[in-house]
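Fold and contact review
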Amino acid sequence: MKKDSRHPCFMRSDIYNRLSENASKKNYSAYKYTNELVEAALDIEESGVSLKDIKDEIIIMEKLFKYKRIIIVPLTAISNIQQSQWIDLGRGFGLLIRQMSLNNNQIIPIFISVIKFFFSLVGAISINNNQIIISFPIYPQDIQEKLVSSARDLITSIVDIASISANIQEEKGQIKVEITSAI
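Owing to the predicted nature of the structure, the values given are computational and were not obtained by experimental measurement. (Residues numbered from 1 in each chain as written. Predicted model: local features only at pLDDT ≥ 70, side-chain atom pairs only at ≥ 80, totals over all residues. Heavy atoms only, no water.)

**What to know about the overall build of the protein**
Note the following rule: Labels follow the DSSP assignment, with helices taken as runs of H or I lasting at least four residues and strands as runs of E lasting at least two, numbered in each case from the N terminus. Throughout, exposure labels follow a simple rule: accessible area from a 1.4 Å probe, protein chains only, divided by the maximum for the residue type, with under 20% read as buried, over 50% as exposed, and the rest as partly exposed.
Each helix and strand counted, the protein has seven helices and four strands in total. Ordering the α and β elements of the protein from the N terminus gives α-α-α-α-α-α-β-β-α-β-β. In the protein, which comprises 183 residues, the share counted as buried stands at 26%.

**What about the pattern of salt bridges?**
This is how the line gets drawn: Salt bridge, as used here, is a side-chain nitrogen of Lys or Arg placed within 4 Å of a carboxyl oxygen of Asp or Glu.
The full count for this structure, using the stated rule, is five salt bridges. Glu 170 serves as the salt-bridge partner of Arg 152, at 2.2 Å between the closest nitrogen and oxygen. Residue Arg 152 is found in helix α7 (residues 141–162), and its partner Glu 170 is found in strand β3 (residues 164–171); the two are separated by 18 residues along the sequence. Judged by its relative accessible area of 39%, Glu 170 falls in the partly exposed class. Among the ionic contacts, a cluster of salt bridges with common partners joins Arg 152, Asp 153 and Glu 170.

**Some points on a negative patch on the surface**
Defined as follows: The patches reported here contain residues having more than 30% relative accessible area and no salt bridge. Joining distances are 9 Å for like charges and 5 Å for nonpolar side chains (Val, Leu, Ile, Met, Phe, Trp, Tyr). For the accessible areas, the method is Shrake-Rupley and the probe is 1.4 Å, while residue cover comes only from the protein chains on display. The charge count treats Lys and Arg as positive and Asp and Glu as negative. His and the chain ends do not count. Charge positions come from single atoms, namely NZ of Lys, CZ of Arg, CG of Asp or CD of Glu.
A cluster of acidic residues, Glu 36, Glu 39, Asp 43, Glu 45 and Glu 46, forms a negative patch at the surface. You can see Glu 45 is positioned in helix α2 (residues 30–46).

**Re the nonpolar core**
Put simply, the rule is: What we call a nonpolar core is a set of buried Ala, Val, Leu, Ile, Met, Phe, Trp, Tyr and Cys residues that are connected through their side-chain atoms within 4.5 Å. Between two residues, a contact is recorded if the distance between any of their heavy atoms is within 4.5 Å.
Judged by nonpolar contacts, the single largest core of 30 residues is most densely connected at Phe 111, Phe 119, Phe 136 and Ile 155. Within the residue set of this core, elements represented by two or more residues are α5 (83–100), α6 (104–120), β2 (131–135), α7 and β4 (174–182). If near-sequence neighbours (up to four positions away) are discounted, Phe 119 is found in contact with Ala 124, Ile 125, Ile 134, Phe 136, Ala 151, Leu 154 and Ile 155.

**What about the environment of Tyr 139?**
Locating Tyr 139 in the fold gives a position in the loop between β2 and α7. Sequence spacing of Tyr 139 and Val 122 is 17 residues, and the spatial spacing of their C-alpha atoms is 9.6 Å.

**Quick word on the packing of α6 against α7**
Applied cut-off: Think of each axis as a best-fit line through the C-alpha atoms, taken over the contacting stretch in the case of a helix, with angles from 0 to 180 degrees between the N-to-C directions. Orientation is classified from the angle alone, with under 35 degrees giving roughly parallel, over 145 giving roughly antiparallel, 65 to 115 giving roughly perpendicular, and any other angle giving oblique. For a crossing to be left-handed, the near helix must be turned anticlockwise from the far one by less than a right angle; the clockwise case is right-handed.
The N-to-C vectors of α6 and α7 enclose an angle of 155 degrees; their axes lie 12 Å apart at closest approach. Here α6 is positioned roughly antiparallel relative to α7, judged by the angle of their axes. Between α6 and α7 lies a crossing of right-handed hand. For the pair formed by α6 and α7, the contact residues are Ile 107, Phe 111, Ile 115, Phe 118 and Phe 119 on the first element and Ala 151, Leu 154, Ile 155, Ile 158, Val 159 and Ala 162 on the second.

**Here we look at α6**
Using the following cut-off: Given the number of residues in a helix, its expected span is that number minus one, multiplied by 1.5 Å.
An ideal rise of 1.5 Å per residue puts 24 Å on 17 residues; α6 measures up with 25 Å between its terminal C-alpha atoms. All of the buried residues in α6 are Ile 107, Ile 108, Ile 110, Phe 111, Ile 112, Val 114, Ile 115, Phe 118 and Phe 119.

**Considering the packing of aromatic side chains**
Each aromatic ring pair is described using two quantities: the centre-to-centre distance and the angle formed by the ring planes. Selection criterion: Each Phe, Tyr or Trp ring (for Trp, its six-membered ring) is paired with any other whose centre lies within 6.5 Å, and the angle between the two planes then decides the class: stacked below 30 degrees, edge-to-face above 60, tilted in between.
In this structure the tally under the stated criterion is five aromatic pairs. Arranged with centres 6.3 Å apart and planes meeting at 65 degrees, the rings of Phe 119 and Phe 136 form a pair that is edge-to-face. Here Phe 136 lies in the loop between β2 and α7 and Phe 119 lies in helix α6, a separation of 17 residues in the sequence. Across this residue pair, the class does not change: Phe 119 and Phe 136 are buried. What links up through ring pairs into an aromatic cluster is the set Trp 86, Phe 93, Phe 118, Phe 119 and Phe 136.

**Some points on the pairing of β2**
Our working rule: Here, any two strands with at least 2 DSSP bridges between them count as paired.
Across five bridges, strand β1 (residues 124–128) lies against β2 in antiparallel orientation. Across the sheet, residue Asn 128 finds its bridge partner in β2, namely Gln 131. Taken together, β1 and the strand that follows it, β2, pair antiparallel across an intervening segment of two residues, in which Asn 129 is found at a positive phi of about 55 degrees.

**Overview of unusual backbone geometry**
Even without being glycine, Asn 129 reaches a positive phi, approximately 55 degrees. Of note, Asn 129 is situated in the loop between β1 and β2. Residues other than glycine seldom take positive phi values, yet Ser 163 does so here, at roughly 60 degrees. Within the secondary structure layout, Ser 163 lies in the loop between α7 and β3.

What follows is the structure, encoded as structure tokens:
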């Protein structure tokens, strides 16, 4: 196969072959899979993140996690997120929690699971009954302050949408969440 050989749809043959193989694994047509990939790529690019810039970072992070169970989150991924995006993410998590909960008794355990999963990727989390403490010890102070503020915005949005009653307190380098009830 020549290096610049092209598929009839103006795609390099090697790329089309990879695309077709991956689509088959998902039981998708190449058309559906291509549209899904391009739409996701456009969403990412339009959010201000360059796919080309983060491709190698993601591959390295995936390999570190796969082989050493190490998770690395680039500071740019955290510091470039705007307050409104944290709030929107919190709303999305809140809706997810409501949809996953069959009754009010399930809301708090699901909320705790979501918070634990999300913040264990970027910080340290401690859970004792219905009290959650999230801290960001490895980051410089300016990043810690931004993360605490962002965590507050995210958690406030989640509890509002998921109808959870909670006391949220910001402290130096950490945020405390005392869950009182599901409304």
